[in-house]
Amino acid sequence: MNRHDESGQESGRESPATPAVLLAGGLELALNTWLRLDPDSLVRSAALYGKVIMVELVFTTAGAAGPRLAFYLLPGADGIQVAATYPDAPHVQIRGTPLALTNQFRQGSGEGLASGVEVQGDSQVAKAFQELLGGIDIDWEEQLSRLVGDAFAHQLGAAVREFRTWGRQALTTLFTNAAEYLQQETRDLPPSGAMAAFLDGVDALRSDIDRLEARVRRLQQRCG
Amino acid sequence: MSQDKPDKETTHFGYQQIPAMEKAGKVAGVFDSVADKYDLMNDLLSLGVHRWWKRFALDLTGVKAGQRVLDLAGGTGDLAGRLVRLVGPNGLVVLADINASMLAEGRRRLTDEGLVGNIAFVQADAEALPFPDNTFDCITIAFGLRNVTHKENALVAMQRVLRPGGCAVILEFSHPTAPGLKPVYDFYSFTVMPLVGKLVANDADSYRYLAESIRMHPDQETLRRMMAQAGFERCEYFNLTGGIVAVHRGYKF
């Protein structure tokens, strides 16, 4: 985008950065598609109407803080509007690396701040925003039923649940069998009972040494 | 700039010369015809790029919470819907359009989206704005100015209702500046646009008018000078997509 002022000269002053505007549009589309999969989240979004939340992504290069990219999020009843610029101070600023922010927004509201995330401003707004994103619970079976009908979606949902249960059981069995093989067949690992007895022995030995050390110190004081 | 200062009897309507008094009625006919498919056609004809153009324009407004904004020729409420979120519950957005069909479409759409309370709808002529002096912190007009009969009168009216310190942002089709773009753009707008208009909205004539009216609209520099003549200061413009669209911004101090 070229800017022309009264002198007819081109300059980049004050012009909104093109990639940031395009990225804001992409982020808005992705966020709102996600929010609309859980209609309850739009109710939480509506409750934040009028608040401005700045989310700043900090890209680290070789361990040092590198370029930053800020987005301004304006929640409302129909989703979240994302802007690349906002001329006033936001209600809350949330900044961190993309990974840290992803961890932050995936966890529940009661779990505090993820490592590497910094929050400045109105903590109530930050908490409500965390609840908005962290509380998204998508009913995939319901979403699927819109495409293929209730009956098939229910069958598919039941099949997926059955597969997950089977998978969980299979994983548990695999771990048990692998542990038994390594402990009892190859004897590469000690049985869990022997390991516990060994660790108890180490603890007892440490306590005995501590007591012995204390007694030696007392005898030294008495002699000295 | 003859097309922007027509003589007393005639003005342009696309490539035709018509009596000035008839232009508003003819433009109304075009928009009555396209109102219900306006957003779909915008998406089709611009391949969705009009959304990015509007985003750029909004970023240039600098609108913030609590302000009053006038969205002129606001049509189906694309810009107003986003402005409502920017001004927040304590601000006000006035969506004005001369065309009742477009205004009704905008009101229906924004109400459906739950955008109520801090938005008002006014049927108004951009040349004779029914607001007191120094009312708005910002005025936007997206793809509307070229349909106004006397653009200079509209610019003066906009400057009058703007508060000192406020700015007007005009998003409008303009003249391609990128090398080699003009022939491609001409083919697209005079062949593809009427064809898509006929297929989707069954109305090739309205879309041919839109293409012609874009050609008759003043170029970037001319519009910037017109803004300065209307009393705007620090006038500037930003070319988008090779100059197919330009965003003009001017302040009132």
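Residues numbered from 1 in each chain as written. Chains lettered and ligands numbered in written order. Predicted model: local features only at pLDDT ≥ 70, side-chain atom pairs only at ≥ 80, totals over all residues.

Draft legend 1. Quick look at the overall build of chain B. Across its full length, chain B carries nine helices and nine strands. The proportion of buried residues among the 253 residues of chain B is 49%. Residue pairs at least 24 apart in sequence account for 69% of intrachain contacts in chain B once pairs closer than 6 positions are excluded. (Helix = DSSP H or I, 4+ residues; strand = E, 2+ residues; numbered from the N terminus. Buried ≥ 20, exposed ≤ 12 C-beta atoms within 10 Å, placed from the backbone. Contact = placed C-beta atoms within 7 Å.)

Draft legend 2. Here's a closer look at the overall build of chain A. When helices and strands are tallied, chain A shows seven helices and six strands. From first element to last, N terminus to C terminus, chain A shows the α and β order β-α-α-β-β-β-β-α-β-α-α-α-α. Across the 224 residues that make up chain A, the buried fraction comes to 17%. For chain A, the proportion of contacts with a sequence separation of at least 24, taken over those separated by at least 6, is 57%.

Draft legend 3. Examining the nonpolar core more closely. Formed by 94 residues in total, the largest nonpolar core has its most connected members in A57, L83, V93, I139, L171 and V247 of chain B. In terms of residue count, the dominant contributor to this core is strand β7 (residues 162–173) of chain B (seven residues). (Core = buried A, V, L, I, M, F, W, Y, C linked by C-beta atoms within 7 Å.)

Draft legend 4. Up close: the interface of chain A and chain B. Listed as interface residues are 24 residues of chain A and, on the opposing side, 23 residues of chain B. Its residues placed into classes, the side of chain A that touches chain B shows eleven nonpolar, eight polar and five charged. (Nonpolar A, V, L, I, M, F, W, Y, C, P; charged D, E, K, R; others polar.)

Draft legend 5. Region of interest: the domain arrangement of chain A. Each assigned domain of chain A is listed here: domain 1 (18–134) and domain 2 (143–223). Using only C-alpha atoms to locate each centre, domain 1 of chain A and domain 2 of chain A end up separated by 37 Å. (Domains from an automatic or database assignment.)

Draft legend 6. Fine view of the environment of V247 of chain B. All names here are of chain B. Looking at where V247 falls in the secondary structure, it is placed in strand β9 (residues 245–251). C-alpha of V247 to C-alpha of F56: the two residues are 191 residues apart in sequence and 8.2 Å apart in space. Residues in contact with V247, not counting those within four places in the same chain, are F56, A57, L60, V169, I170, L171, Y237, F238 and L240.

Draft legend 7. Representation of unusual backbone geometry within the structure. Located in the positive-phi region is R187 of chain A, a residue other than glycine, with phi close to 60°. Structurally, R187 of chain A can be placed in the loop between α6 (150–185) and α7 (192–223). Positive phi, close to 50°, is recorded for A73 of chain B, a residue that is not glycine. Turning to its location among the elements, A73 of chain B is positioned in the loop between β3 (68–72) and α4 (78–87).

Draft legend 8. Spotlight on the environment of G116 of chain A. Positionally, G116 of chain A belongs in the loop between α3 (98–106) and β6 (118–121). Those residues in contact with G116 of chain A, other than ones at most four positions away along the chain, are G96, T97 and A100 of chain A.

Draft legend 9. Seen up close, α7 of chain A. Along its 32 residues, α7 of chain A runs 46 Å from first to last C-alpha, staying within 8% of the 46 Å computed at 1.5 Å per residue. Burial analysis of α7 of chain A places just zero of its 32 residues in the buried class, a small minority of the element. (Expected span 1.5 Å × (residues − 1).)

Draft legend 10. Broad picture of the pairing of β7 of chain B. Residue and element names in this part refer to chain B. Along β7, nine of the twelve residues are buried, which leaves the element largely enclosed by surrounding structure. Here six bridges tie strand β6 (residues 136–142) to β7, and the two strands are oriented parallel to one another. Along β7, the bridge assignment pairs A142 with L171. Handedness of the crossover is the feature at issue here: the chain leaves β6, passes through helix α6 (residues 151–161), returns alongside β7, and the resulting connection is right-handed. With seven bridges connecting them, β7 and β9 associate as antiparallel partners. Opposite I170, over in β9, you have H248 as the bridge partner. (Pairing = 2+ DSSP bridges. Right-handed = clockwise from strand over helix to strand, strands pointing away.)

Draft legend 11. Inspection of the packing of helix α1 (residues 18–35) of chain A against helix α3 (residues 49–61) of chain B at higher detail. Between α1 of chain A and α3 of chain B, whose axes approach to 10 Å, the crossing angle comes to 115°. With respect to the hand of their crossing, α1 of chain A and α3 of chain B are arranged in right-handed fashion. For the pair formed by α1 of chain A and α3 of chain B, the contact residues are V21, L22 and G25 of chain A on the first element and R51, W52, R55, F56 and D59 of chain B on the second. Broken down by class, the residue content of the contact of α1 of chain A with α3 of chain B amounts to four nonpolar, one polar and three charged. (Axes fitted to C-alpha atoms, helices over the stretch in contact; angles between N-to-C directions. Left-handed = near helix turned anticlockwise from the far one by under 90°.)

Draft legend 12. A look at the packing of helix α7 (residues 181–201) of chain B against helix α8 (residues 204–216) of chain B. Residue and element names in this part refer to chain B. One can describe the packing of α7 onto α8 by two numbers: an axis separation of 7 Å at closest approach and a directional angle of 150°. Classified by the interaxial angle, the pair formed by α7 and α8 is roughly antiparallel. Crossing of α7 over α8 shows right-handed handedness. Residue-level contacts link S189, F190, M193, P194, G197 and K198 of α7 to A204, S206, Y207, R208, L210, A211 and I214 of α8. Tallied by class, residues from the contact of α7 with α8 come to eight nonpolar, three polar and two charged. (Parallel < 35°, antiparallel > 145°, perpendicular 65-115°, else oblique.)

Draft legend 13. Seen up close, the confidence of the model for chain A. All names here are of chain A. With 89% of its residues at a pLDDT of 70 or more, chain A has an overall mean of 83. The least confident element of chain A is strand β1 (residues 2–4), whose mean pLDDT is 65; the most confident is α7, at 92. Predicted confidence for residues 10–14 stays below pLDDT 50, and this span has seven contacts to residues more than four positions away or in other chains. (pLDDT = per-residue confidence, 0-100.)

Draft legend 14. Spatial organisation of the confidence of the model for chain B. All names here are of chain B. Of the residues in chain B, 89% have a pLDDT of 70 or more, and the chain-wide mean is 85. Low confidence marks residues 1–6, where pLDDT is under 50. Its contacts with residues over four positions away, or in another chain, come to eleven contacts. Scored by ipTM, the complex comes to 0.75, with pTM at 0.73.

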